[in-house]
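A look at the structure
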Amino acid sequence: MNRQEILKDYKKQEDKICLAQILDKIEMAKKTNKIQYSDFLDMYQVALVQNFLRKIQFGFCNLFGGYNDAERKIAIIYPENYTENMIQKNYDKLLKLVRVKLPEELKGKYAHRNYLGGIVKLGLKREKVGDILVSDDGADIIVLEEFSNILKEQLLSLTRFENSELEVVDLDKLKKKQVKVEEIKIIVPSLRLDNIVSDLARTSRSKAAQIINQERVFVNGQNETKLSKQLKLNDIITIRGKGRFIIKEFCGNTRSGRIVILIEKYV
């Protein structure tokens, strides 16, 4: 495997580092005949790795984040002789949940940012932590197994969690994600991606173009950099730093011909 040749088309240094690590895992899985896995990948990296694996025609990899539709996932590289059932049996060995149970007086008061802010404040490595599934009475934080007890103990040291109960539990105890949405209406001149991102991010069209060019926008889980891409009903748009949105309904046109769209924003 000529690594330099494989990676030569990738201009960004961070992309090369990410993909070089995947190549390391592939080589190690072949050498040891054992499962290898990466740290958590964000949505951009997941799309990058998926496209890369297709390019090199390597099919022995699962991208898994603890549940269906997880945003952050690890790449699980496995030997050719492994079955899907054998891989799934290893999920609980790779990932755990750090479950936070809030005291009565804090129930319903903590959002995703409170949990992520605590992790950031502690200086813990974000790539060791997956999705954070928030409910009124606490949260399930998906984490690499070897990092689970460290995260539990460190979070307990924070004032915001000092009266909470924290425990490490298996993936099969994961609470069903509570999806909360709010409806908003936007009015755009066309269904171009840059028009819709401009309204959703509440910024100018030129700033929206910058956000898209910075590879911060995903459509149905795939990174999208084409400003003129036409969006359609039920498309899911994720803007890193701004949130996730779904196109629910086209509500007609204004007198000037602009399009009125009903959007659901995940909150």
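Notes on the structure follow. Everything numeric here is computed off the predicted structure, so don't read it as measured data.

Let's shift gears to the pattern of salt bridges. Scanning the model with the defined rule gives 17 salt bridges in all. Here Asp140 makes a salt bridge to Arg99, at a shortest N to O gap of 2.7 Å. Of the two residues, Asp140 is situated in strand S6 (residues 138–144) and Arg99 in strand S4 (residues 95–101); the sequence distance between them amounts to 41 residues. The exposure class assigned to Asp140 is buried, which follows from its relative accessible area of 2%. With a relative accessible area of 10%, Arg99 lands in the buried category. Note that Asp137 and Lys175 form a salt bridge whose closest N and O atoms lie 3.4 Å from each other. Here the residue Asp137 occupies a position in the loop between strand S5 (129–135) and S6, and Lys175 occupies one in the loop between strand S7 (165–169) and strand S8 (181–188), the gap between them amounting to 38 residues. Looking at Asp137, the relative accessible area reads 30%, which means it is partly exposed. Through salt bridges with shared partners, a single network forms among Arg3, Asp24 and Glu27.

This next bit is on the side chain of Asp42. Position of Asp42 among the secondary structure elements: in the loop between strand S1 (36–41) and helix H3 (43–55). Given a relative accessible area of 17%, Asp42 falls into the buried group. Engagement of the side chain of Asp42 in a polar contact is seen with the side chain of Arg240, the distance being 3.3 Å.

With that out of the way, let us pick up the side chain of Ser148. Structurally, the position occupied by Ser148 is in helix H7 (residues 148–156). What Ser148 contacts, discounting residues up to four positions off in sequence, is Lys96, Val98, Val143 and Val168.

With that settled, the discussion passes to the layout of surface pockets. Of the volumes computed, that of the second largest pocket is approximately 450 Å³. Considering the residues around the second largest pocket, the lining is formed by 25 residues, among which Cys18, Gln21, Phe40, Leu41 and Gln45 are closest to the centre. Secondary structure elements with two or more residues in the lining of the second largest pocket: helix H2 (13–32), S1 and H3. Here the lining of the second largest pocket takes seven residues from H2, the largest share from any one element. The residue makeup of the lining of the second largest pocket, split by class, is nine nonpolar, four polar and 12 charged.

Conventions and cut-offs
- Residues numbered from 1 in each chain as written.
- Predicted model: local features only at pLDDT ≥ 70, side-chain atom pairs only at ≥ 80, totals over all residues.
- Heavy atoms only, no water.
- Salt bridge = Lys/Arg side-chain N within 4 Å of Asp/Glu carboxyl O.
- Helix = DSSP H or I, 4+ residues; strand = E, 2+ residues; numbered from the N terminus.
- Buried < 20%, exposed > 50% of the residue type's maximum accessible area, 1.4 Å probe, protein only.
- Polar contact = N/O pair within 3.5 Å; in protein donor to acceptor, adjacent residues only side chain to side chain.
- Contact = heavy atoms within 4.5 Å.
- 1 Å grid on protein atoms, 1.4 Å probe; cavity = no way out; pocket = protein on both sides within 12 Å on 5 of 7 lines; lining within 4 Å.
- Points joined across faces, edges and corners; volume = space filled by probe spheres on them.
- Nonpolar A, V, L, I, M, F, W, Y, C, P; charged D, E, K, R; others polar.

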